[in-house]
Amino acid sequence: MAAYGAPLNVKGAVSMAVLRLRHVTQFFLRSGGGLVEAVSDVSLIIPAQQFVCLIGPSGCGKTTLLQLVAGLIPYSRGEIDVDGAEVVGPSPDRGLVFQRDSVFPWMRVIENAAYGLKCRGVSKDKRLDTARAYLRQVGLGNVERSWPRELSGGMLKRVAVATVFANSPKVLLLDEPFGSLDYVTKLQLHQVLLNLWSRYKPTVLFVTHDVDEAMLLADRIVVMKDGRLVDDRQITLPRPRTVESLALPEAVNHKEVLLRHLGLGDLVRTGLISQ
Ligand SMILES: Nc1ncnc2c1ncn2[C@@H]1O[C@H](COP(=O)(O)OP(=O)(O)OP(=O)(O)O)[C@@H](O)[C@H]1O
Ligand SMILES: [Mg+2]
């Protein structure tokens, strides 16, 4: 596991990290008493550079699983590693974007984007150059001196994406990062994210409730229910994808199955599913 202050490739090299989870289980003690098994015996290997979306009904354990991979909470049982290095706590190797804004309101945009590099001891000139380069790549080159309060919700998400990529993560963990955005802004953010992913190729685990979002982004969609992985689907829709991709037979078929997994079987036409 890389330590804070370790040498860092600030140019953002292409990443080749494999994420492995073996028999991972997580219990929580409820405040009223009793145990909840939020994650149950999850095994998953995500090859280097793969973009995986994790989908499942509310309360099925998605955020818990992401937090375990991030090293924010210790797992009760099992093993998680990145390229063979066991996850024992947070690391800049594993970048995290939450649903709520991960932007510090008291720092200018460029200071936010450079913050991870500052924590790792990168010199001021170098970290500002790097932050500036990533802000340009997400279309925010013109607001680097602005305060977060001067930015729209979509622009703040762009700052969060630039910030996490500026840190050159091997693994990128995103928990419904665009859930609060309107349809158009969300599609724009998908392009921003996919452009950076195709350039630097971190291994991605992206949590979403949105079936269309998952199919526009993912190489693979894994489905979680009651703490367990219950489906694992390769998405072979050609890239670059567009909203028309969602009308292709493969996408329609995946969507029907995924909606059933989400408990929306009543909305799905009968007789059209081939699993
Ligand atoms: N710190 C905690 N203490 C006790 N129980 C917890 C804790 N964190 C999560 N849980 C429980 O674990 C289960 C899974 O929660 P989690 O937040 O991982 O679900 P989720 O799939 O992310 O849901 P959502 O889609 O609503 O965000 C739930 O039953 C939740 O109440
Ligand atoms: Mg959640």
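Rules and cut-offs
- Residues numbered from 1 in each chain as written.
- Chains lettered and ligands numbered in written order.
- Predicted model: local features only at pLDDT ≥ 70, side-chain atom pairs only at ≥ 80, totals over all residues.
- Domains from an automatic or database assignment.
- Contact = placed C-beta atoms within 7 Å.
- Helix = DSSP H or I, 4+ residues; strand = E, 2+ residues; numbered from the N terminus.
- Nonpolar A, V, L, I, M, F, W, Y, C, P; charged D, E, K, R; others polar.
- Near = placed C-beta within 6 Å.
- Pairing = 2+ DSSP bridges.
- Axes fitted to C-alpha atoms, helices over the stretch in contact; angles between N-to-C directions.
- Parallel < 35°, antiparallel > 145°, perpendicular 65-115°, else oblique.
- Left-handed = near helix turned anticlockwise from the far one by under 90°.

Some details on the domain arrangement of the protein chain
Okay, so step 1: Each domain of the protein chain was delimited in the assignment, giving domain 1 (12-93 + 171-236) and domain 2 (100-168).
Okay, so step 2: For domain 1 and domain 2, the distance between their C-alpha centroids amounts to 23 Å.
Okay, so step 3: Residue-level contacts link 15 residues of domain 1 with 13 residues of domain 2.
Okay, so step 4: Broken down by element, the residue count for the side of domain 1 that touches domain 2 peaks at seven residues, all from helix α5 (residues 183-200).
Okay, so step 5: A class-by-class count of the residues in the side of domain 1 that touches domain 2 yields eleven nonpolar, four polar and no charged.

Things to note about the site of ligand 1
Okay, so step 1: The local shell around ligand 1 consists of F28, R30, V36, A38, G56, S58, G59, C60, G61, K62, T63 and T64.
Okay, so step 2: Those elements giving two or more residues to the shell around ligand 1 turn out to be β2 (35-46) and α1 (62-70).
Okay, so step 3: Broken down by element, the shell around ligand 1 gets its largest block of residues, three residues, from α1.

Focus: the pairing of β2
Okay, so step 1: Across eight bridges, the pairing between strand β1 (residues 19-29) and β2 is antiparallel. Note that in β2 the partner of L29 across the bridge is L35.

Quick word on unusual backbone geometry
Okay, so step 1: Cis geometry marks the peptide bond from R239 to P240, where omega comes out at -5 degrees.
Okay, so step 2: Even without being a glycine, Q49 presents a positive backbone phi close to 75 degrees.
Okay, so step 3: Relative to the helices and strands, Q49 resides in the loop between β2 and β3 (51-55).

As for the packing of helix α4 (residues 153-166) against α5
Helix-helix packing is described using two parameters, namely the angle between the two axes and the distance between the axes.
Okay, so step 1: Contact geometry for α4 and α5: axes closest at 10 Å, N-to-C directions at 10 degrees. Classified by the interaxial angle, the pair formed by α4 and α5 is roughly parallel. Seen along the crossing, α4 lies across α5 with a hand that is right-handed. Contact with α4, carried on its side by G154, K157, R158, V161 and F165, involves T185, Q188, L189, V192, L193, L196 and Y200 of α5 and no other residues of that element.
Okay, so step 2: Looking at the contact of α4 with α5 residue by residue, the class counts come to seven nonpolar, three polar and two charged.

Overview of the packing of helix α2 (residues 109-119) against helix α3 (residues 124-137)
Okay, so step 1: Across the interface, α2 lies against α3 with an axial gap of 8 Å and an inter-helix angle of 125 degrees. Of the possible angle classes, the one that applies to α2 and α3 is oblique. Of the two possible hands of crossing, α2 and α3 adopt the one that is right-handed. Packed against α2, whose contacting residues are V109, I110, A113, A114, L117 and K118, the element α3 presents R127, L128, T130, A131, R132, Y134 and L135 at the interface.

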